[in-house]
Amino acid sequence: MSGEPPLECRNRRWLPADSSTGWAFIAYDCQVDPQHFHGGLVTALNADVVGYSRLVADDPEATSRAMSEARAIVERGITASGGLLVNFVGDNFMAVFDTSTSGMSAAIQVTSELEQVNSERALAHRLRFRMGMDRGEVSVSDGHYEGEALNVAARIQALARPGGLSVSGAVFRDLDEPSLRFRPAGSHRLKNIPEPVDV
């Protein structure tokens with residue numbers, strides 16, 4: 001981060017355990033100021049809807065309504081965790097956070113709210129994200145975000161189970177939260193990423 005501090009965190013608190021994952025997590029009241037965000041060390045969150053093409057083919061109108069609802073959930077979760085929504089195109093979104101803790105809080109909130117909505121939908125119409133997170137340097141030029149962390153997050157989200165989250169070793173080490181349970185998925189060689197990534 002450069003210039004004025006883009007994010008201020010205060011009021012550390014515990015989020016209640018999510019019923020579907022059993023996760024409890026520490027959250028902070030934070031806010032990224034996009035006017036002062038010029039890049040730096042961030043945690044990137046990338047997500048993609050599972051089976052989006054099938055959902056559209058089966059019922060395009062219902063899927064469009066579901067995506068509008070999902071976008072509202074995503075925007076609410078990212079804002080509440082102090083993140084910045086970089087883009088939301090089709091069924092994919094990318095967000096950046098000053099800390100991995102904030103990124104994880106957003107991922108948990110989005111997943112939990114979406115599962116509540118899904119409980120009222122037929123099984124074939126349920127919408128779930130696969131998510132991936134990495135931490136690294138990101139640059140911003142003319143509104144365009146660039147950096148390996150963005151690419152890694154996009155690659156490892158494909159390794160997550162439906163409704164799940166894959167994190168890189170960099171994010172796992174940065175979290176250092178004993179309340180979170182992760183299963184090591186080994187070291188992976190990812191497309192256009194020169195070095196193997198622990199997931």
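All values derive from a computational prediction rather than experimental measurement. As a convention, each chain's residues are numbered from 1 in the sequence order in which they are written. Restriction of local features to residues with pLDDT of at least 70 applies here, the model being predicted, together with a cutoff of 80 or more for giving and counting side-chain atom pairs; totals for whole chains, interfaces and linings are based on all residues. As a convention, hydrogens and water are excluded, and side-chain values are obtained from all of the structure's heavy atoms.

A. Structural context of the overall build of the protein chain. Strands are runs of DSSP state E lasting at least 2 residues, helices are runs of H or I lasting at least 4, and numbering of each runs from the N terminus. Counting its secondary structure elements, the protein chain contains five helices and 10 strands. Summary of the burial criterion: residues with accessible area below 20% of their type's maximum are buried, those above 50% are exposed, and those between are partly exposed, where the area comes from a 1.4 Å probe applied to protein chains only. Residue burial in the protein chain is summarised as follows: out of 199 residues, 47% are buried. Pairs at least 24 apart in sequence give 67% of the contacts found in the protein chain among residues at least 6 apart. Total accessible area on the protein chain is roughly 10200 Å²; 48% of this is exposed by carbon and sulfur atoms. We call two residues contacting when some pair of their heavy atoms lies within 4.5 Å. All accessible-area figures derive from a Shrake-Rupley calculation using a 1.4 Å probe, and residue coverage is judged against the displayed protein chains alone.

B. Expanded view of the pattern of salt bridges. Salt bridges are defined by distance alone: a side-chain nitrogen of Lys or Arg within 4 Å of a carboxyl oxygen of Asp or Glu. Overall, the coordinates contain six salt bridges when judged by the stated rule. Salt-bridge contacts for glutamate 113 lead to arginine 76; the nearest nitrogen and oxygen are separated by 2.7 Å. With glutamate 113 in helix α3 (residues 100-118) and arginine 76 in helix α2 (residues 60-80), this residue pair connects regions lying 37 residues apart in the sequence. Given the relative accessible area of 42%, arginine 76 is considered partly exposed. In this structure, glutamate 115 and arginine 128 form a salt bridge, with 3.0 Å as the shortest nitrogen-oxygen distance. Of the two residues, glutamate 115 is situated in helix α3 and arginine 128 in the loop between α3 and β6 (129-141); the sequence distance between them amounts to 13 residues. With relative accessibility at 23%, the residue glutamate 115 sits in the partly exposed group.

C. Structural view of α2. Over its 21 residues, α2 extends 30 Å from the first C-alpha to the last, a length consistent with the 30 Å expected when each residue adds 1.5 Å. All buried positions along α2 are accounted for by Ala62, Thr63, Ala66, Met67, Ala70, Ile73, Val74, Gly77 and Ile78. Seen end-on, α2 carries its buried residues on one side only, within an arc spanning 125°. Opposite its buried face, α2 presents the exposed residues Glu61 and Arg65, each directed more than 90 degrees away. The length a helix should cover is 1.5 Å for every residue beyond the first. Think of it as the arc spanned by the lines of direction from the helix axis to the C-beta atoms.

D. Just the packing of aromatic side chains, in detail. Ring geometry is summarised as follows: Phe, Tyr and Trp rings, the Trp one being its six-membered ring, pair when their centres sit within 6.5 Å, and such pairs are stacked at plane angles under 30 degrees, edge-to-face over 60 and tilted between the two. Counted by the stated rule, this structure contains two aromatic pairs. Seen from their ring centres, phenylalanine 93 and phenylalanine 129 are 5.3 Å apart, and the 85° between their planes marks the pair as edge-to-face. Of this pair, phenylalanine 93 sits in strand β5 (residues 92-97) while phenylalanine 129 is found in strand β6, placing the two residues 36 residues apart along the sequence. Of the two residues, phenylalanine 93 and phenylalanine 129, both sit in the buried class. Three or more aromatic residues link up through ring pairs in this structure, and these residues are Phe88, Phe93 and Phe129.

E. Structural context of helix α4 (residues 148-157). Those residues of α4 that fall on the buried side of the exposure criterion are Ala149, Leu150, Val152, Ala153, Ile156 and Gln157. The buried residues of α4 occupy one face: seen down the axis, they fall within an arc of 165°.

F. Spotlight on the environment of alanine 170. With respect to the element layout, alanine 170 can be found in helix α5 (residues 169-175). Under the relative-accessibility criterion, alanine 170 is labelled partly exposed at 25%. In sequence terms alanine 170 and threonine 43 are 127 residues apart; their C-alpha atoms lie 9.3 Å from each other. Apart from the residues within four sequence positions on either side, alanine 170 is in contact with Asp134 and Arg135.

G. View of the pairing of strand β4 (residues 84-89). Here β4 pairs with β5 via five bridges, running antiparallel. Within β5, the position partnered with leucine 84 by the bridge is valine 96. The hairpin formed by β4 and β5 contains two residues between the paired strands, and glycine 90 there has a positive phi angle of roughly 60°. For two strands to count as paired, DSSP must find a minimum of two bridges between them.

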